[in-house]
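Results of the structural survey
The primary structure of each chain is shown beneath.
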Amino acid sequence: MTAVAPAKRRRGRFAPSPTGPLHFGSLVAAVGSFADAQTAGGEWLVRMEDLDRPREVPGAADDILRTLEAFGLHWDGPVFYQSRRTEAYAAAIEQLEALELVYPCGCTRREIGLGGLPGAEGPVYPGTCRQGLPPGREPRSLRLRADGPEISFVDRIHGPQRQDVARAVGDFVLRRADRLHAYQLAVVVDDAAQGITDVVRGADLLLSTSRQLRLQAHLGLPQPTYAHLPLVLDTNGRKLSKSRADVPVSAADPLPALLRAWAVLGQVLPPEPPGQVSAFWNWALAHWDLRRVPARNCLPGSHLASV
């Protein structure tokens, strides 16, 4: 069975990818997850999702950690690095293979795009290699059979959610063609290893949750609660962290960005602008209310209106 850390009390986490400096969209997720864990008397952990080494920017991980500290976002325990966890992911795949839930796939993205029906997050894998690789094809990725009952859970912000993974996504990738383990597998294994009880993250991952719940069930892992925070969008409706409009937050002047992030999260602002980061957090942790977090994404400029 995949290793599981004992969870003695509530434990949240922030899991940035070190593909550049910390941007405002990621700061919103960090602030929300930190406040939710701290106000519950829990722990807040940091995990570097650095599996995709070709996209990693040298020095970005250390820069992100320094920025978090400047914003008063102090984490508990050592930082987890996914690049050091490949043996754990491989062990999880072996466990799934023993259950006959995994098969090799030789399809390219282009082929799936041409043959798959529209789904929740792009073309649904049509099952081309489900019964074995077609003649002359070499294995590229490993996929999980997505069969099973409809997944249902209650998101702490968005309410009841339901998804038929097989119809919405299809058999999904556990190990990519470049031999890197996929996000869906790594996040499930690491949340269990770190004893995460409450996942608070961006709403772009809401549709991924059913796949993760399916994997947790197959691997016999505990299922945390989930809360998906609003995204900050640019003028084209694109997630700000993937837009040229998103600029790094300033570690030299953290208070303006902290107040903007607090506004995005729908929280009550201090009656007077705090003079120090510590003063902001004294106010924030006394007034955090997850019920105030909006289920809708933040439109361009709206996070500035009340600051």
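Per-chain numbering applies: the sequence of each chain, read as written, is numbered from 1 onward. Local features in this predicted model are restricted to residues of pLDDT 70 or higher, and side-chain atom pairs are both shown and tallied only at a pLDDT of 80 or more, whereas totals for entire chains, interfaces and linings draw on every residue. For the side-chain quantities, the full set of heavy atoms in the structure was used; hydrogens and water were omitted.

Here a helix means four or more residues in a row that DSSP labels H or I, a strand means two or more in a row labelled E, and each is numbered from the N terminus. Looking only at helices and strands, the chain features nine helices and 12 strands. Scaling as 2.2 N^0.38, a compact globule of 307 residues should have a C-alpha radius of gyration of about 19 Å, and the chain matches this with 20 Å. Projected onto its principal axes, the C-alpha positions of the chain cover 70 × 45 × 40 Å. Counting the 307 residues in the chain, one finds 51% classified as buried. In the chain, the share of contacts with a sequence separation of at least 24, taken over all contacts with a separation of at least 6, comes to 78%. Carbon together with sulfur atoms contributes 51% to the accessible area of the chain, which is approximately 14600 Å² in total. For the chain, the distance from the average position of its 35 positive side-chain charges to the average position of its 32 negative side-chain charges is 3 Å. Just to be clear, the radius of gyration here is over C-alpha atoms, and the globule rule we use is 2.2 Å times residues to the power 0.38. Throughout this description, buried means an accessible area under 20% of the type-specific maximum (1.4 Å probe, protein chains only), exposed means over 50%, and partly exposed covers the range between. Two residues form a contact once any of their heavy atoms are found within 4.5 Å. Using a 1.4 Å probe, the Shrake-Rupley method yields the accessible areas, and only the shown protein chains count as cover for residues. In summary, the charge assignment counts Lys and Arg as positive and Asp and Glu as negative, without counting His or the chain termini. Each charge is placed at NZ for Lys, CZ for Arg, CG for Asp and CD for Glu.

It is worth spelling out the nonpolar core at this point. In this structure, Leu27, Trp44, Leu68, Leu73 and Trp281 are the most contacted members of the largest nonpolar core, which totals 44 residues. For this core, the secondary structure elements donating two or more residues are α1 (24-39), β2 (43-48), α2 (60-70), β12 (225-229), α8 (254-264) and α9 (277-287). Element by element, the count of residues in this core is highest for α1, at nine residues. Residues grouped as a nonpolar core are buried Ala, Val, Leu, Ile, Met, Phe, Trp, Tyr and Cys residues, joined through side-chain atoms within 4.5 Å. In terms of nonpolar packing, the next biggest core, distinct from the first, is built from 31 residues, Leu51, Ala92, Leu96 and Phe153 among them.

Next up on the list: the packing of aromatic side chains. Centres within 6.5 Å make a pair out of two Phe, Tyr or Trp rings, where for Trp the six-membered ring is used; the pair is then stacked when the planes are under 30 degrees apart, edge-to-face when over 60, and tilted otherwise. With the rule as written, the count across this model stands at eight aromatic pairs. Residues Phe14 and Trp44 carry aromatic rings whose centres are separated by 6.2 Å and whose planes lie at 10° to one another, so their mutual orientation is stacked. Taken together, the positions of Phe14 in strand β1 (residues 11-14) and Trp44 in strand β2 put the pair 30 residues apart, joining distant regions of the chain. The same class applies to Phe14 as to Trp44, namely buried. Here Trp262 and Trp288 contribute two aromatic rings whose centre-to-centre distance is 5.7 Å and whose plane-to-plane angle is 45°, an arrangement assigned as tilted.

Any two packed helices are characterised by how steeply their axes cross, that is the angle between the axes, and by the distance between the axes. Packing of helix α3 (residues 86-98) against helix α6 (residues 183-193) brings their axes to within 10 Å, and their N-to-C directions diverge by 105°. Taken as axis vectors, α3 and α6 run roughly perpendicular relative to one another. Contacts between α3 and α6 involve Ala88, Tyr89, Ala92, Ile93 and Leu96 from the former and Leu185, Ala186, Val189 and Asp190 from the latter. Residues that form the contact of α3 with α6 fall into these classes: eight nonpolar, no polar and one charged. Only the stretch in contact is used when a helix axis is fitted, and all axes are lines through C-alpha atoms; the angle between N-to-C directions ranges over 0 to 180 degrees. Here is the rule for angles: anything less than 35 degrees is roughly parallel, anything more than 145 is roughly antiparallel, 65 through 115 is roughly perpendicular, and the remaining ranges are oblique. Following the grouping adopted for this structure description, the nonpolar residues are Ala, Val, Leu, Ile, Met, Phe, Trp, Tyr, Cys and Pro, the charged ones are Asp, Glu, Lys and Arg, and the polar ones are all others, Gly among them.

This part takes up the confidence of the model for the chain. Averaged over every residue, the pLDDT of the chain is 91; residues scoring 70 or more account for 92%. What pLDDT expresses is the predictor's confidence in each residue, scored from 0 to 100. A low-confidence stretch, residues 300-306 stays under pLDDT 50, and its non-local contacts, those more than four residues away or across chains, total 12 contacts.

Relative to each other, α3 and helix α7 (residues 209-219) sit at 75°, their axes nearing to 10 Å. By the criterion of interaxial angle, the relationship of α3 to α7 is roughly perpendicular. In this structure, α3 uses Ala92, Gln95 and Leu96 to contact α7, whose residues at the interface are Leu215, His218 and Leu219. Of the residues that constitute the contact of α3 with α7, the class distribution is four nonpolar, two polar and no charged.

Glancing now at the sheet that holds β1. Read across the open sheet, the three strands follow the order β1-β2-β3; overall the sheet is parallel. Strands with a single pairing partner mark the edges of an open sheet, and in this sheet they are β1 and β3 (80-81). Two strands are counted as paired when DSSP detects at least two bridges linking them. In this structure, β1 lies alongside β2, joined through four bridges in parallel fashion. The residue bridging Arg11 from the neighbouring strand is Glu43, located in β2. Sitting on the sheet, α2 touches β1, β2 and β3, and the angle it makes with β2 is about 155°. Of the strands in this sheet, β1, β2 and β3 are in contact with α6, which crosses β2 at around 145°.

For this analysis, a salt bridge means a side-chain nitrogen from Lys or Arg found within 4 Å of a carboxyl oxygen belonging to Asp or Glu. Applying the stated criterion across every chain yields a total of 20 salt bridges. The residue Arg10 makes a salt bridge to Asp198 at a minimum N-O spacing of 3.3 Å. Of the two residues, Arg10 is situated in the segment before β1 and Asp198 in strand β11 (residues 198-202); the sequence distance between them amounts to 188 residues. By relative accessible area, which is 33% here, Arg10 ends up partly exposed. With a shortest N-O distance of 2.1 Å, Arg211 and Glu121 are connected by a salt bridge. Here the residue Arg211 occupies a position in helix α7, and Glu121 occupies one in the loop between β5 (118-119) and β6 (122-123), the gap between them amounting to 90 residues. Looking at Arg211, the relative accessible area reads 7%, which means it is buried. Judged by relative accessible area, Glu121 falls into the partly exposed class, the value being 43%. Each of Arg10, Asp36, Arg156 and Asp198 takes part in salt bridges that share partners, so that together they form one network.

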